[in-house]
Amino acid sequence: MKADFEIPDNLLYSEEHEWLRRDDGNPDEGTVGITDFAQDGVGDVVYLELPSEGDSVTAGEACGEIESAKTVSDLYAPVDGEVIAVNGDLEDQPELVNDSPYGDGWMIRVRMADASQLDDLLDAAAYRTLIEEH
């Protein structure tokens, strides 16, 4: 594993390399993006196809695409829910995913259908172990 991958302790992670940050004001809502490890793997992001506001997403299923100079990868939903916001800045600035995967490069906000699904996600320590195996 490259030692300098950023893995914030306050996030939850999927095995497909998405992260979820719970909203402090509303614990049934969360922000989703791809991890530093994932953005490094796909390379320079040139285009994103994200779900629309109001769309339903299902945990573990593809809900969008990330296109780079090297590859096209699926974006997987970490939980079931409804998309309540999409990061419109990514339409004109897809490179934000590479530059700031945990900040300005967030992708969607979701209202979770079942917050108990968060128990199926990895904490930072478990995610570090997962990517060390790659």
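Cut-offs applied
- Residues numbered from 1 in each chain as written.
- Predicted model: local features only at pLDDT ≥ 70, side-chain atom pairs only at ≥ 80, totals over all residues.
- Heavy atoms only, no water.
- Pairing = 2+ DSSP bridges.
- Helix = DSSP H or I, 4+ residues; strand = E, 2+ residues; numbered from the N terminus.
- Contact = heavy atoms within 4.5 Å.
- Buried < 20%, exposed > 50% of the residue type's maximum accessible area, 1.4 Å probe, protein only.
- Polar contact = N/O pair within 3.5 Å; in protein donor to acceptor, adjacent residues only side chain to side chain.
- Patch = residues over 30% accessible without salt bridge, like charges linked within 9 Å, V, L, I, M, F, W, Y side chains within 5 Å.
- Areas by Shrake-Rupley, 256 points an atom, 1.4 Å probe, with all protein chains shown as cover.
- Salt bridge = Lys/Arg side-chain N within 4 Å of Asp/Glu carboxyl O.
- Lys, Arg positive; Asp, Glu negative; His and termini not counted.
- Charge placed at Lys NZ, Arg CZ, Asp CG, Glu CD.
- Core = buried A, V, L, I, M, F, W, Y, C linked by side-chain atoms within 4.5 Å.
- Phe/Tyr/Trp six-rings, centres within 6.5 Å; stacked < 30°, edge-to-face > 60°.

Observations concerning the sheet that holds strand E1 (residues 12-13)
Okay, step 1: The strand order across the open sheet formed by 6 strands is E1-E2-E3-E9-E8-E5, and the pairing between neighbours is antiparallel. Each edge of the sheet is formed by a strand with only one pairing partner; in this case those strands are E1 and strand E5 (56-57).
Okay, step 2: Taken together, the 2 bridges between E5 and strand E8 (residues 81-86) define a ladder with antiparallel strand orientation. Among the inter-strand pairings, Val57 is bridged to a residue of E8, identified as Gly81.

Comments concerning the side chain of Gln39
Okay, step 1: Of note, Gln39 is situated in helix H1 (residues 36-42).
Okay, step 2: Residues in contact with Gln39, not counting those within four places in the same chain, are Ile34, Val97, Asn98 and Pro101.

What about the pairing of strand E3 (residues 29-34)?
Okay, step 1: Among the 6 residues of E3, 6 are classified as buried, and the element is accordingly described as predominantly covered.
Okay, step 2: Burial along E3 is two-sided: the residues Glu29, Thr31 and Gly33 and Gly30, Val32 and Ile34 are all buried.
Okay, step 3: Note: strand E2 (residues 18-22) against E3, 5 bridges, orientation antiparallel. Opposite Trp19, over in E3, you have Gly33 as the bridge partner.
Okay, step 4: Taking the residues between adjacent antiparallel strands as the criterion, E2 and E3 are bridged by 6 residues.
Okay, step 5: Here 4 bridges tie E3 to strand E9 (residues 108-112), and the two strands are oriented antiparallel to one another. Paired with Val32 across the two strands is Ile108, which belongs to E9.

Remarks on the side chain of Ser68
Okay, step 1: Of note, Ser68 is situated in strand E6 (residues 62-68).
Okay, step 2: Within polar-contact distance, the side chain of Ser68 engages the backbone oxygen of Val42 at 2.5 Å.

Concerning the environment of Val79
Okay, step 1: Along the chain, the position of Val79 falls in the loop between strand E7 (72-76) and E8.
Okay, step 2: Judged by relative accessible area, Val79 falls into the buried class, the value being 1%.
Okay, step 3: A C-alpha to C-alpha distance of 12 Å links Val79 and Glu15, two positions 64 residues apart in sequence.

Quick word on a negative patch on the surface
Okay, step 1: A grouping of Glu49, Glu65, Glu67 and Asp74 is seen on the molecular surface, where their side chains present a negatively charged patch.
Okay, step 2: As for its position among the elements, Glu65 is in strand E6.

Points about the nonpolar core
Okay, step 1: In this structure, Ile34, Leu48, Ile66, Val79, Val97, Met107 and Ile108 are the most contacted members of the largest nonpolar core, which totals 23 residues.
Okay, step 2: Within the residue set of this core, elements represented by two or more residues are E3, H1, strand E4 (45-49), E6, helix H3 (96-99) and E9.
Okay, step 3: Residue contributions to this core peak at 3 residues, all from E9.
Okay, step 4: Within the second largest apolar cluster, 12 residues are counted, among which are Phe5, Leu11, Phe37 and Ile131.

Quick word on the packing of aromatic side chains
Okay, step 1: Scanning the model with the defined rule gives 3 aromatic pairs in all.
Okay, step 2: When the ring of Phe5 is compared with that of Phe37, the centres are 5.3 Å apart and the planes differ by 75°; the resulting orientation is edge-to-face. One end of the pair, Phe5, is in the segment before E1; the other, Phe37, is in helix H1, with 32 residues separating them in the sequence.
Okay, step 3: For the ring pair Tyr13 and Tyr127, a centre distance of 4.7 Å and an interplane angle of 15° mean the geometry is stacked. With Tyr13 in strand E1 and Tyr127 in helix H4 (residues 124-132), this pair connects stretches of sequence that are 114 residues apart. Comparing Tyr13 with Tyr127 shows no difference in burial state: the two are buried.

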